[in-house]
There are 2 protein chains.
Amino acid sequence: MLDSYRDDIRDLDLFAGMKQDSFEALMRGAYVQNFPPRIELISEGDTPDFLHVVISGSVDLFSSWNGRETSMATVRPVSTFILAATIKNAPYLMSARTLEKSRVALLPSEDVRAIFASDGAFARAIVTELAQCYRAVVKNTKDLKLRTSLERLANYLLRQQRHNGSPEFDLRMEKRRLASFLGMTPENLSRAFKGLEPHGIKVAGSRIIVHDIVALERFAKPSALIDRYDS
Amino acid sequence: MLDSYRDDIRDLDLFAGMKQDSFEALMRGAYVQNFPPRIELISEGDTPDFLHVVISGSVDLFSSWNGRETSMATVRPVSTFILAATIKNAPYLMSARTLEKSRVALLPSEDVRAIFASDGAFARAIVTELAQCYRAVVKNTKDLKLRTSLERLANYLLRQQRHNGSPEFDLRMEKRRLASFLGMTPENLSRAFKGLEPHGIKVAGSRIIVHDIVALERFAKPSALIDRYDS
DNA sequence: TTGATGGCTTGACAATTATCAAGCGAAACA
DNA sequence: TGTTTCGCTTGATAATTGTCAAGCCATCAA
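Since this is a predicted model, take the numbers as computed values, not measurements.

What counts and what doesn't
- Residues numbered from 1 in each chain as written.
- Chains lettered and ligands numbered in written order.
- Predicted model: local features only at pLDDT ≥ 70, side-chain atom pairs only at ≥ 80, totals over all residues.
- Heavy atoms only, no water.
- Domains from an automatic or database assignment.
- Contact = heavy atoms within 4.5 Å.
- Buried area = accessible area lost by both parts, 1.4 Å probe.
- Salt bridge = Lys/Arg side-chain N within 4 Å of Asp/Glu carboxyl O.
- Least-squares fit on C-alpha atoms with pLDDT ≥ 70 in both.
- Axes fitted to C-alpha atoms, helices over the stretch in contact; angles between N-to-C directions.
- Helix = DSSP H or I, 4+ residues; strand = E, 2+ residues; numbered from the N terminus.
- Parallel < 35°, antiparallel > 145°, perpendicular 65-115°, else oblique.
- Left-handed = near helix turned anticlockwise from the far one by under 90°.
- Nonpolar A, V, L, I, M, F, W, Y, C, P; charged D, E, K, R; others polar.

Help me understand the domain arrangement of chain A in this model?
Interfaces are often described in size by the accessible area the parts lose on coming together. Residues and elements named next belong to chain A. Looking at the assigned domains, one finds that chain A contains domain 1 (3-143) and domain 2 (148-227). Computed from C-alpha atoms alone, the centre-to-centre distance between domain 1 and domain 2 is 28 Å. Counting from both sides, the interface comprises 14 residues of domain 1 and, opposite them, 9 residues of domain 2. Both sides together, the interface formed by domain 1 and domain 2 hides about 1,100 Å², and carbon and sulfur atoms give 42% of it. Summed over the three residues of domain 1 that lose the most area to domain 2, namely Ser71, Arg76 and Asp143, the buried surface amounts to 49% of that side. Counting every contact that joins domain 1 to domain 2 gives 1 salt bridge. Between aspartate 60 and arginine 177 there is a salt bridge, and its shortest N-O distance comes to 2.6 Å.

Below, the structure is given as structure tokens:
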């Protein structure tokens with residue numbers, strides 16, 4: 001594996017504090033692979049062979065049931081995904097596919113579990129990571145259960161706006177996938193954008209302009225306990 | 001603290017493997033308290049002072065936003081709640097209230113974090129617990145996003161039926177709270193029960209009779225990756 | 001017993017969201 | 001350059017879900 005990839009991985013909170021021996025043991029069986037867009041990396045129900053680390057590109061986590069499909073999350077570099085399944089050695093609950101050309105490091109699950117068992121610092125880092133993931137999913141559940149789709153979109157745009165720091169930004173994903181992520185149909189999303197125009201939003205293709213943040217916040221009523229990535 | 005409570009706690013997976021020293025240190029600052037029904041134990045947004053362990057009774061975890069409220073989970077003995085917030089020392093994302101007269105052990109958060117940092121076995125047990133919780137919430141999200149309310153109710157009843165082992169059982173919670181947990185209104189739940197009558201369900205008050213499991217399963221299409229508590 | 005309470009149910013209606021079909025328009029391709 | 005493709009949008013309609021109001025019924029207390 002290229003040193004630069006190795007350094008990217010080492011810099012992740014998950015791997016930064018572990019013993020050098022452990023890290024090297026983990027890297028020994030690891031390898032990096034390049035994938036074209038729209039390749040399914042893992043399928044829900046499968047048993048985890050590898051812990052995945054997205055080095056570049058991006059990955060969609062999604063789930064299916066009864067012919068329906070929903071986007072659960074987007075994984076962007078540099079971060080891992082499907083840690084919980086790897087640790088528990090339990091079937092994946094979500095599938096993953098590349099959204100674009102992506103580079104992914106694959107760390108054998110057995111190695112991850114072995115080192116988890118022997119390296120206390122690694123175990124503690126996993127705790128922090130899982131606690132973070134858990135809280136993110138809880139926030140998402142609150143978003144889904146307590147808000148209408150219009151409110152979810154409004155708050156999503158506020159989070160993006162805050163993240164970008166600018167009142168004008170591009171959606172970083174297809175609208176159809178955003179719709180799925182927010183738990184609505186593409187048609188409904190299209191109408192929701194229209195519905196936010198009286199609340200300070202202008203849309204031109206994938207370009208979003210928040211021309212009245214105060215109005216948008218008045219409508220969206222963002223909450224730290226749902227919308228903040230930290231905390 | 002009574003030895004029997006101490007033993008109950010020690011028997012939890014979370015505490016079973018830790019060093020005896022660590023456990024005793026944890027118990028030193030811990031105490032048990034009795035609460036009447038409908039007492040709010042913690043409020044979302046607060047900073048975690050204690051890790052809670054329900055010894056007897058039951059506790060509702062719920063969240064609010066903009067005057068709306070939703071039930072997120074029920075905690076039954078013997079198990080802990082709000083572990084992630086305690087470990088991260090981050091604000092509670094959910095509130096908790098007793099559903100009935102309950103006995104709860106309170107373990108000071110600082111002690112939990114200190115021992116988490118020093119006892120590797122405890123850290124590993126926390127990983128397992130958090131991974132479990134994370135996966136439970138992911139399943140819940142899939143349930144919410146991929147199913148209609150009628151399908152959610154049908155699958156909920158199948159899970160209960162499986163759990164009880166009998167085709168006939170009592171709902172263990174108020175219908176209004178079940179409705180909230182399933183992400184619907186009480187009125188809608190009432191109609192959903194009616195809607196399941198053609199699919200093998202009979203309802204008499206809080207008594208549920210699954211008189212045609214095959215029909216119910218044909219409608220509900222349960223999935224291990226959403227509906228199984230294990231895996 | 002009587003009355004009050006509160007959860008549950010029902011009906012009527014409204015809001016939200018999904019579905020289906022058609023058309024638009026930008027990007028990709030021959 | 002023209003054609004195709006595909007995501008997005010729009011309109012019409014249907015299904016789902018929520019809201020409001022009223023009534024039922026079991027429980028509990030006076």
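How should the relation of the copies chain B and chain A be read in this particular structure?
Here the second copy of the chain follows from the first by a rotation about an axis and a shift along it. For the pair chain B and chain A, the superposition axis carries a translation of 0.0 Å, the fit reaches an RMSD of 0.0 Å, and the rotation angle comes to 180°. Such a combination of turn and shift is consistent with a two-fold rotation axis. Here 100% of the interface residues in chain B have copies in chain A that are interface residues too; the copies meet face to matching face.

Help me understand the packing of helix H6 (residues 120-146) of chain A against helix H6 (residues 120-146) of chain B in this model?
To characterise two packed helices, one gives the angle between the axes of the helices and the distance between these axes. Running from amino to carboxyl end, H6(A) crosses H6(B) at an angle of 25°, the nearest separation of the two axes being 8 Å. In this view, H6(A) runs roughly parallel relative to H6(B), as classed from their interaxial angle. Relative to H6(B), H6(A) is oriented so that their crossing is left-handed. Its residues placed into classes, the contact of H6(A) with H6(B) shows 20 nonpolar, 6 polar and 4 charged.

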